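A closer look at the structure
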Amino acid sequence: MRRLFPVTDETAAPTASAGTSGDGPGAAREGGGREWSPAELAAAYAYPEPEPGGRRQPWLRANMVSTLDGAAQHEGRSQPISSPADMRVFGTLRALADVVLVGAETVRQEGYRPARARAGFAAAREAAGQGPAAAIAVVSASLDLDFSLPLFTSPLVPTLILTGTAAPPDRVAAAESAGARVVTAGEGAGVDPARAVRELAELGSTRLLTEGGPRLLGQLVAAGVLDELCLTVAPMLVAGDAQRIAGGPSVTLPRRFTLKAMLEEDGFLFTRYARS
């Protein structure tokens, strides 16, 4: 992993000798750089600190991957366009979050499992007053979900379901029987993104992460509640008609985000943008 931006004295400094081998922290990697430790990745992706004496405000970041030609998936899944470094960033972002927000279709397509405890982050989570792992919060109007999956039957932290007031009562009952916590975050059938953020904050979850899918991310963008985008750019071309990272409703005017950081490993770019 190499830092390309912001430029610092460390950016241009050699990070590993040519003769180093293996996969440890000092190991040389193709294209230069080395594998960063969990602490280094956590520092690079730290959530904003609250003002002195102030409450921590909700901060919603998205983590997505896209090919050079804009595809967020290949054959319906993001895994084929990912990489080992991308998965390390993925694990770091989960380890820093209180809650991972995800759409129901992504849960079905990607075979979502509960977030797991990561030994490299255990002490930091305890010091931050966080549980052993992030909770998964599924956004679903219909609650058309398989409640026999490990996401509901064996999470370290109970799974949340964000839904509207018109959610089918029998599905709500089934979700609660499976151990999930159902949170009303919208009137009628849908979920209001701004209300979802508020409801999660009321539960004490302010370090928020969404992994999409594209329809949910599009709704969050359109509602103006996304604070940060961590976008992995994969050095691949897939063509076809794959979705972009965000879809659905359009915004009146494009929203400007500012580049905060850019890392690189094996040709993959790891960018971090925050709202201007």
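Heads up: the structure comes first, above all this text.
Residues numbered from 1 in each chain as written. Predicted model: local features only at pLDDT ≥ 70, side-chain atom pairs only at ≥ 80, totals over all residues. Heavy atoms only, no water.

1. Description of the nonpolar core
Within the largest apolar cluster, 43 residues are counted, with the highest numbers of intra-cluster contacts made by Y45, V138, L145, I161 and F270. Excluding residues that lie within four positions of it along the chain, L145 makes contacts with A104, V107, R108, V138, S140, F152, I161 and R171. If you look at the next biggest cluster of nonpolar residues, it comprises 25 residues, including A62, M64, L101 and I245. (Core = buried A, V, L, I, M, F, W, Y, C linked by side-chain atoms within 4.5 Å. Buried < 20%, exposed > 50% of the residue type's maximum accessible area, 1.4 Å probe, protein only. Contact = heavy atoms within 4.5 Å.)

2. With respect to the packing of aromatic side chains
Evaluated as defined, the whole model comprises one aromatic pair. Judged by centre distance (5.0 Å) and plane angle (75°), the rings of F147 and F152 are edge-to-face. A relative accessible area of 11% places F147 in the buried class. One cation-aromatic arrangement involves R61 over Y47; the distance from NZ or CZ to the ring centre is 4.1 Å. (Phe/Tyr/Trp six-rings, centres within 6.5 Å; stacked < 30°, edge-to-face > 60°. Lys NZ or Arg CZ within 6 Å of the ring centre and 35° of its normal.)

3. Topic: the sheet that holds strand 9 (residues 257–265)
Strand order in the open sheet formed by 10 strands is 1-9-10-8-2-7-3-4-5-6, with mixed pairing between adjacent strands. Two strands close off the open sheet at either side, each with one partner strand: strand 1 (2–5) and strand 6 (181–184). Neighbour to neighbour, the strand axes of the sheet diverge by 25° on average, direction disregarded. Alignment of strand 4 (residues 135–139) against strand 5 (residues 160–163), held across three bridges, turns out to be parallel. (Pairing = 2+ DSSP bridges. Helix = DSSP H or I, 4+ residues; strand = E, 2+ residues; numbered from the N terminus. Axes fitted to C-alpha atoms, helices over the stretch in contact; angles between N-to-C directions.)

4. What about helix 8 (residues 193–202)?
In an α-helix, one turn spans 3.6 residues, which is why side chains three or four residues apart end up on the same side. Taken together, the buried positions of helix 8 are P193, R195, A196, V197, L200 and A201. Of the surrounding secondary structure, the elements contacted by the buried residues of helix 8 are strand 2 (59–67), strand 3 (99–103), strand 5, strand 6, strand 7 (207–210) and helix 9 (214–223). Immediately downstream of helix 8, the backbone of G204 shows phi near 95°, a positive value.

5. Some details on the side chain of E265
Mapped onto the elements, E265 comes out in strand 9. Taking the relative accessible area as the measure of exposure, E265 reaches 2% and is therefore buried. A distance of 2.9 Å separates a polar atom in the side chain of E265 from the backbone nitrogen of M1. (Polar contact = N/O pair within 3.5 Å; in protein donor to acceptor, adjacent residues only side chain to side chain.)

6. Considerations on the side chain of T163
By secondary structure assignment, the location of T163 is in strand 5. There is a polar contact of 2.7 Å between the side chain of T163 and the backbone oxygen of S140. Only 3.4 Å separates the side chain of T163 from the backbone oxygen of A141, close enough to count as a polar contact.

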